[in-house]
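# Structural characterization, general
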Amino acid sequence: MRQISFNVDKKIRLDEFLKKNHISHNLFISIYKDDIFINGKHAKRNSKLEKGDIVTINLRDEENKYEPINMDIEVLYEDDDIFVLNKPDKLTMNKDGEKSLANFVSYLFEQRNIKQKVRFINRLDQDTSGVVMVAKNKIAQAYYQKNSFKKKYLAIVKGNPKDQKIELNLKRDGIKTEIDENGKKSVTILENLKNYGDYSLVSLELLTGRTHQIRVSMEYINCPIVADSLYGEKIENFTQMLHANEIEFVDMKGEYHNITTNLPQRFKDYLKE
């Protein structure tokens, strides 16, 4: 069983302190009796903290349901709380009955004796490659899901779009996402990096995180992603040309990170044609 510790820097109630450290009220209520300690002693629900106190949380062992499978997947970054992986295209996140990224995470957990469930902080479509963050425990998952991190993508698209901000209201409709005035706002920043005749290599920054946001946005401006079979046209021997290439975040110790990846091989192969 692993422990996570927090240093207290001012007088504050225990529940308020943990909320500031992104531990939800429900999680706090479920664990404070047995798994939260103040200076080595069991915490009480109404405990008050002083500057210099140390709050420790037990991370009880959990059952991991995914079979550990080693794969040729790049680990871009690792610390005590997360992995950052470079997911290949053609690989699901955790689909039942299929070899998935969750199987590789399970393998990493087994190698490092991490007895926790697989928890993804962000997700990518099966045919989208690139940066995926994985939490090593539920506290880390809560922290990163409540703290914004900057994500950028590369895509090969049809046409030669101008640099622009694309703002749409989107709503999920079955397997597709549709533009709907009553949907949730999405904002995508597009930068055209280079034109290649009838198509372009573009950089896309997400300011919101809607399902299929980039794919719908590019279809909307009549520059669909190459080989996107759902919002564009299928191309034999190629998966959609969308890759999560960069992520910026501040870790649980307050340190800034910028993680980037190389251009995927399928992008290089397509740009040669």
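In this text, all values refer to a predicted model and were calculated from it rather than measured experimentally.

## Focus: empty space enclosed by the protein
Here the structure, examined in full by the defined rule, presents one cavity of 30 Å³ or more. As a volume, the largest cavity reaches approximately 30 Å³. Along its surface, the largest cavity is lined by Asn122, Val131, Lys151, Tyr153, Ala244, Glu246 and Ile247. Residue assignment for the lining of the largest cavity shows that the elements contributing at least two residues are β11 (150-158) and β16 (242-250).

## Notes on the packing of aromatic side chains
Two descriptors summarise a pair of aromatic rings, namely the distance from one centre to the other and the angle between the planes of the rings. Scanning all chains against the criterion turns up ten aromatic pairs. Between Phe6 and Phe17 the ring centres are 6.3 Å apart and the planes differ by 85 degrees, which places this aromatic pair in the edge-to-face class. Here the residue Phe6 occupies a position in strand β1 (residues 2-7), and Phe17 occupies one in helix α1 (residues 14-20), the gap between them amounting to eleven residues. Exposure remark for Phe17: the relative accessible area of 6% places this residue in the buried category. Each ring, one from Phe104 and one from Tyr107, has its centre 6.2 Å from the other, and the planes form 20 degrees; the classification is stacked. Of this pair, Phe104 and Tyr107 both sit in helix α3 (residues 101-111), three residues apart, roughly one helical turn. With respect to burial, Phe104 and Tyr107 carry one shared label: buried. Joined through ring pairs, the aromatic side chains of Tyr77, Tyr143, Tyr144 and Phe249 make up one cluster.

## Some thoughts on the pattern of salt bridges
Summed over the entire model, instances satisfying the criterion amount to 14 salt bridges. Two residues, Arg13 and Glu16, come together in a salt bridge whose shortest N-O distance is 3.4 Å. Residue Glu16 is classed as partly exposed on the basis of its relative accessible area of 36%. Between Glu78 and Arg112 there is a salt bridge, with its nearest N and O atoms 2.7 Å apart. Taken as a pair, Glu78 in strand β7 (residues 74-78) and Arg112 in the loop between α3 and β9 (119-120) lie far apart in primary sequence, 34 residues in all. We classify Glu78 as partly exposed; its relative accessible area is 32%.

## Topic: the pairing of β16
Counting buried residues in β16 gives eight out of nine residues, a clear majority hidden from the surface. Relative to β16, strand β10 (residues 129-135) is paired through two bridges, and the arrangement is parallel. The residue bridging Gly130 from the neighbouring strand is Ala244, located in β16. Where β11 lies against β16, six bridges are found, and the strand directions are antiparallel. Bridged to Tyr153 within β16 is Ala244. As judged from the five bridges shared by β16 and strand β17 (residues 256-260), these two strands associate in the antiparallel manner. For Ile247, the partnering residue across the bridge sits in β17 and is Ile259. Adjacent in sequence and paired antiparallel, β16 and β17 are bridged by five residues, among which Gly254 carries a positive phi angle near 90 degrees.

## As for the UniProt feature "domain: Pseudouridine synthase RsuA/RluA-like" (unreviewed entry) in the protein chain
UniProt records the feature "domain: Pseudouridine synthase RsuA/RluA-like" (unreviewed entry) for residues 82-219 in the present numbering. Between the end C-alpha atoms of residues 82-219 there is a gap of 34 Å, over a span that is 20% helix and 43% strand.

## Quick look at the domain arrangement of the protein chain
According to the domain assignment, the protein chain consists of domain 1 (2-59), domain 2 (74-146) and domain 3 (150-271). Placing the centre of domain 1 and that of domain 2 at their C-alpha centroids yields a distance of 27 Å. Carbon and sulfur atoms make up 67% of the area that domain 1 and domain 2 hide from each other, which totals about 840 Å². Among the residues domain 1 hides against domain 2, the three largest losses belong to Arg2, His22 and Leu59. Together they make up 59% of the total. Where domain 1 meets domain 2, there are one salt bridge. A salt bridge links Arg2 to Asp81; the nearest nitrogen and oxygen atoms lie 3.6 Å apart. Linking domain 1 with domain 2 are one residue pair in polar contact (both at pLDDT 80 or more). Mapped by element, the contributors of at least two residues to the side of domain 1 that touches domain 2 are β1, α2 (25-35) and β6 (54-59). Broken down by element, the residue count for the side of domain 1 that touches domain 2 peaks at three residues, all from β1. Considering only residue class, the side of domain 1 that touches domain 2 consists of seven nonpolar, two polar and one charged.

Criteria and cut-off values
- Residues numbered from 1 in each chain as written.
- Predicted model: local features only at pLDDT ≥ 70, side-chain atom pairs only at ≥ 80, totals over all residues.
- Heavy atoms only, no water.
- 1 Å grid on protein atoms, 1.4 Å probe; cavity = no way out; pocket = protein on both sides within 12 Å on 5 of 7 lines; lining within 4 Å.
- Points joined across faces, edges and corners; volume = space filled by probe spheres on them.
- Helix = DSSP H or I, 4+ residues; strand = E, 2+ residues; numbered from the N terminus.
- Phe/Tyr/Trp six-rings, centres within 6.5 Å; stacked < 30°, edge-to-face > 60°.
- Buried < 20%, exposed > 50% of the residue type's maximum accessible area, 1.4 Å probe, protein only.
- Salt bridge = Lys/Arg side-chain N within 4 Å of Asp/Glu carboxyl O.
- Pairing = 2+ DSSP bridges.
- UniProt positions renumbered as here; feature names shortened; annotations may be inferred.
- Domains from an automatic or database assignment.
- Buried area = accessible area lost by both parts, 1.4 Å probe.
- Polar contact = N/O pair within 3.5 Å; in protein donor to acceptor, adjacent residues only side chain to side chain.
- Nonpolar A, V, L, I, M, F, W, Y, C, P; charged D, E, K, R; others polar.

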